[in-house]
Amino acid sequence: MITIGSDIGGTFTDFVEVNEADGNVRVYKTLTTPDDPSRAIEEGVDALTAGRAGAAALDVMVHGTTLVINAVIERKGARTGLITTQGFRDVLEIGREKRFDAYDLQIEFPVPLVPRYLRMEVDERLHASGAVIAPLDEDSVRRAVQALKDEGCESLAVCLLHAYRNPAHERRIREIAQAMMPGCPVSLSSDVLPEMKEYERTTTTAVNAYAKPVASRYLSRLQDRLRDRGFKGEMLMMMSSGGINSVDFAREFPVQIIESGPAAGTLGAAHFARLANLDKVLAFDMGGTTAKLALVEQGQATLTNDFEVAHVHRFKPGSGIPVRISVVDLIEIGAGGGSIARRTPVGTLQVGPQSASAVPGPACYGQGGMDPTVSDADLVLGYLDPSHFLGGRMALDQAAAERAIHAALAEPLGISVEEAAFGVHAIVNENMASAAKAYVSEKGENPKSCALVAFGGAGPVHACDLAARLGVRTVLIPPRAGVAAAFGMIVAPVMYAAVRSRRTLFKDLSAEKLDAVFAEMFEECRSRLPGTVDPAQVTYEYSVDMRYLGQGYDVTAAFSRDGDHAAQLAAMRASFESTYRRLYGRIFTDLPLEVMNFRVTASAARHVASAASDAGRAKGDGKIGTRQAFCTRTRKWMEFAVHRRADVAPDLPFSGPAIVEENESTTVVPSGARIRVDAHGSLIVELSQ
């Protein structure tokens with residue numbers, strides 16, 4: 001079986017091909033085509049399958065894209081209408097009635113995706129138990145649908161009060177809407193998010209409806225391009241939860257692929273952390289546009305259901321639009337190779353969050369970019385070989401990088417080009433270190449207890465200096481680090497996560513209630529996994545959202561359903577108390593517990609080759625020469641040994657300062673560090689004190 005993973009980023013689109021039969025791995029990296037991202041996918045598939053049967057040789061394509069999140073952030077989604085219960089038209093603006101910054105007198109909140117004039121009310125009412133208090137007035141539904149049709153809506157979201165307990169009214173509205181507006185997609189909150197919390201359920205359903213036509217058009221165009229190339233295999237999409245599912249599922253629920261790329265990178269990091277026997281790592285993915293950081297423990301990425309997009313203030317929770325789906329728990333900051341550096345009005349140096357992206361790109365790309373970026377600084381500092389970028393397929397213009405840094409930074413600040421370049425490099429690293437410290441401490445951990453797994457095109461360049469700022473001693477660079485996110489898609493399991501809100505006291509949780517709610521979710525999981533999945537290969541993980549009675553926030557506790565009912569309840573309580581103690585430092589044994597939501601995650605591992613490294617065939621240390629570069633440890637220019645990574649033999653240690661090059665990324669190691677390649681091809685760097 002031949003599988004390709006393809007990841008569209010803000011600057012580059014990455015590809016990894018794995019042949020399960022012989023373990024052969026091929027990679028490709030090209031600039032993203034923002035006007036039509038599917039063109040870059042077509043180019044990559046052609047490059048990888050050239051000389052063979054073309055795309056017809058492929059069995060599986062796994063794809064990740066930033067399309068949905070970009071549509072929301074840039075407000076380029078469909079004209080969307082919302083139908084809701086009488087009196088709840090303004091839920092999107094009322095929100096939680098909570099100020100994310102109590103002292104900001106000019107506070108701003110994200111503008112709702114659905115403006116007020118496109119939000120319609122219908123007469124109906126359900127009790128919190130799901131019982132019908134007032135039946136659905138179908139005439140009011142027809143008036144609402146007609147009004148939205150007259151306004152030119154391309155997609156509809158339906159979110160009725162307590163529909164998570166009884167979806168009958170929402171389903172009837174869909175029937176009426178489809179009869180009156182044939183072809184118009186309709187998103188029901190009872191399908192998208194059958195979970196209590198009206199505001200989050202409404203925003204999540206609105207995001208799904210807003211992105212649905214855009215995602216459907218893109219996926220259809222991509223499938224057509226691949227079909228024209230002869231592709232007849234199965235196409236799967238990377239989900240934000242760290243699993244993959246069918247294209248049809250992604251087309252129906254595009255909100256589930258809103259963070260697909262970052263999730264895949266974390267899975268790739270977790271894979272190589274397991275192989276290296278590292279039980280706690282900080283996954284660091286730095287590409288051309290952003291940097292992502294995620295905590296991985298015992299080889300597993302942490303998931304969360306608290307996620308926001310389109311923040312008004314980047315680092316302030318509550319300032320974005322809540323999207324209540326299962327996502328890999330990570331932090332994302334505007335720090336990538338394309339992040340633009342500038343002199344601020346007060347005379348300081350600022351890097352990001354604006355990016356040069358793929359077009360025009362950094363000045364050194366030679367595509368007309370004039371602003372100095374992190375990549376330009378890395379080139380000036382000697383970290384990048386201008387003739388070896390992308391394996392020599394793309395030459396970098398060092399003179400253009402120096403001109404951009406001189407004009408925008410060095411001359412206005414009264415410093416040399418080299419000093420300005422190191423300032424850019426140091427500031428972006430410090431920004432990432434500050435974000436990492438805050439993120440890890442919120443998880444109840446200390447970064448010094450973690451190893452750093454770095455990947456992405458720019459990640460290995462910055463990894464060692466970032467690790468030193470965090471107090472981390474061990475850095476792991478996986479093989480083919482520049483395309484690790486695409487590889488993460490290949491090793492990702494097929495997955496679907498179901499949720500049900502059944503608010504009940506823990507002491508009242510009977511075996512009958514537990515069995516009934518899980519049976520309902522099992523059926524949903526079976527219906528929404530790809531049809532090609534063997535049911536016998538599916539495994540299930542269970543968790544509950546719990547809290548002490550009277551609290552306003554939940555803690556998700558995973559547990560095993562092994563044993564009798566009493567054993568399951570004991571496992572549930574023990575997991576909750578362990579998680580609560582880790583987060584808050586104590587537990588309250590005398591307070592009653594309340595269960596809010598039940599969750600089931602169904603997954604099936606995919607059997608693909610483990611991406612065998614070429615390192616086993618190497619005999620020496622791969623040294624090909626030296627070059628001058630700036631050492632972040634000694635703060636001076638030094639002679640760095642340059643090594644070809646593919647020619648470094650396993651367990652043959654050598655020392656920094658060193659630059660280890662491969663076609664898709666470059667690893668920069670300061671003086672005093674020890675370097676070796678392990679049996680799985682990962683580069684292990686041990687930093688000095």
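Report follows, based on the coordinates. None of these values were measured; they are calculated from a predicted model.

In this fold, N597 is placed in strand 28 (residues 593–604). Only 2.5 Å separates the side chain of N597 from the side chain of S501, close enough to count as a polar contact. Residues in contact with N597, not counting those within four places in the same chain, are E195, M196, R324, V499, R500, S501, S543, V544, D545 and D554.

Helices that pack against each other are described as a pair by the angle of their axes relative to one another and the distance between those axes. Contact geometry for helix 9 (residues 260–275) and helix 14 (residues 484–491): axes closest at 7 Å, N-to-C directions at 80 degrees. Between helix 9 and helix 14, the angle is such that the two are roughly perpendicular. Residues G261, A264, G265, L267, G268, H271 and F272 of helix 9 form the contact with helix 14, whose participating residues are A484, A485, F487, G488, M489 and V491. Partitioning the contact of helix 9 with helix 14 into residue classes produces eight nonpolar, five polar and no charged.

Time to look at the nonpolar core. Soluble globular proteins: nonpolar side chains tend toward being buried together. Judged by nonpolar contacts, the single largest core of 187 residues is most densely connected at I41, F284, V309, L452, F518, M572 and F598. The dominant element in this core, judged by the number of residues it contributes, is helix 12 (residues 417–442), at 13 residues. What F598 contacts, discounting residues up to four positions off in sequence, is A498, V499, R500, R502, L509, L514, V517, F518, M521, S543 and V544. Formed by 28 residues, the second largest nonpolar core is a distinct cluster that contains L92, A157, C159 and C184.

By the element assignment, R528 lies in helix 15 (residues 511–528). A relative accessible area of 19% places R528 in the buried class. A polar contact of 2.8 Å, which involves the side chain of R528, links it to the side chain of Y496. Apart from residues no more than four positions distant in its own chain, R528 is found in contact with D191, N245, F249, F253 and Y496.

Here the focus is helix 1 (residues 37–49). Taking 1.5 Å as the rise per residue, helix 1 with 13 residues should run 18 Å; its terminal C-alpha atoms sit 19 Å apart, in good agreement. Taken together, the buried positions of helix 1 are occupied by P37, S38, A40, I41, E42, G44, V45, L48 and T49. Contacts from the buried residues of helix 1 go to strand 1 (2–8), strand 2 (12–19), strand 3 (25–31), strand 4 (60–64) and helix 7 (198–228). Downstream of helix 1 by one or two residues, G51 has phi in the positive range, about 85 degrees.

Now for the sheet that holds strand 32 (residues 658–662). Here we have four strands laid out as an open sheet, ordered 29-30-32-33, and mixed in their pairing. Edge strands, defined here as strands with exactly one partner in the open sheet, are strand 29 (621–631) and strand 33 (665–669). Between one strand axis and the next, the sheet turns by 25 degrees as a mean value, whatever way the strands run. Bridge analysis of strand 30 (residues 636–648) against strand 32 gives four bridges, and the strand direction is parallel. The residue of strand 32 that forms the bridge with H643 is V660.

Across nine bridges, the pairing between strand 29 and strand 30 is antiparallel. In the sheet register, D621 faces strand 30, and the bridge partner there is V648. Between strand 29 and strand 30, which pair antiparallel in sequence order, lie four residues; one of them, R635, sits at a positive phi of approximately 60 degrees.

Let us look at the environment of Y542. Tracing the backbone shows Y542 in strand 26 (residues 539–548). Put simply, Y542 and I325 are 217 residues apart on the chain and 16 Å apart in space, counted from C-alpha to C-alpha. In contact with Y542, not counting residues within four places along its chain, are F518, F522, A557, A558, F559, R561, R599 and V600.

Let us look at the sheet that holds strand 9 (residues 155–159). Overall, parallel pairing links the four strands, which are arranged 6-5-9-10 in an open sheet. Each of the sheet's edge strands pairs with one partner strand only, and the pair in question is strand 6 (119–122) and strand 10 (186–188). Mean inter-strand twist for the sheet, computed between neighbouring axes without regard to direction, equals 20 degrees. Of the strand pairs in this sheet, strand 5 (residues 80–85) and strand 6 are connected by four bridges, and their pairing is parallel. Bridging across to strand 6, T84 finds its partner in E121. Across the face of the sheet, helix 7 comes into contact with strand 5, strand 9 and strand 10 while running at roughly 165 degrees to strand 9.

In this section: the pattern of salt bridges. Inspection of the entire model under this criterion finds 47 salt bridges. Among the ionic pairs, R96 bridges to E200, the shortest N-O distance being 2.7 Å. On the criterion of sequence distance, the pair formed by R96 in the loop between helix 3 (91–94) and strand 6 and E200 in helix 7 is long-range, its members being 104 residues apart. Under the relative-accessibility criterion, R96 is labelled partly exposed at 47%. Connected via shared salt-bridge partners are R174, D191, R500, R502, E520, E524 and R528.

What counts, and where the lines are drawn
Residues numbered from 1 in each chain as written. Predicted model: local features only at pLDDT ≥ 70, side-chain atom pairs only at ≥ 80, totals over all residues. Heavy atoms only, no water. Helix = DSSP H or I, 4+ residues; strand = E, 2+ residues; numbered from the N terminus. Polar contact = N/O pair within 3.5 Å; in protein donor to acceptor, adjacent residues only side chain to side chain. Contact = heavy atoms within 4.5 Å. Axes fitted to C-alpha atoms, helices over the stretch in contact; angles between N-to-C directions. Parallel < 35°, antiparallel > 145°, perpendicular 65-115°, else oblique. Nonpolar A, V, L, I, M, F, W, Y, C, P; charged D, E, K, R; others polar. Core = buried A, V, L, I, M, F, W, Y, C linked by side-chain atoms within 4.5 Å. Buried < 20%, exposed > 50% of the residue type's maximum accessible area, 1.4 Å probe, protein only. Expected span 1.5 Å × (residues − 1). Pairing = 2+ DSSP bridges. Salt bridge = Lys/Arg side-chain N within 4 Å of Asp/Glu carboxyl O.

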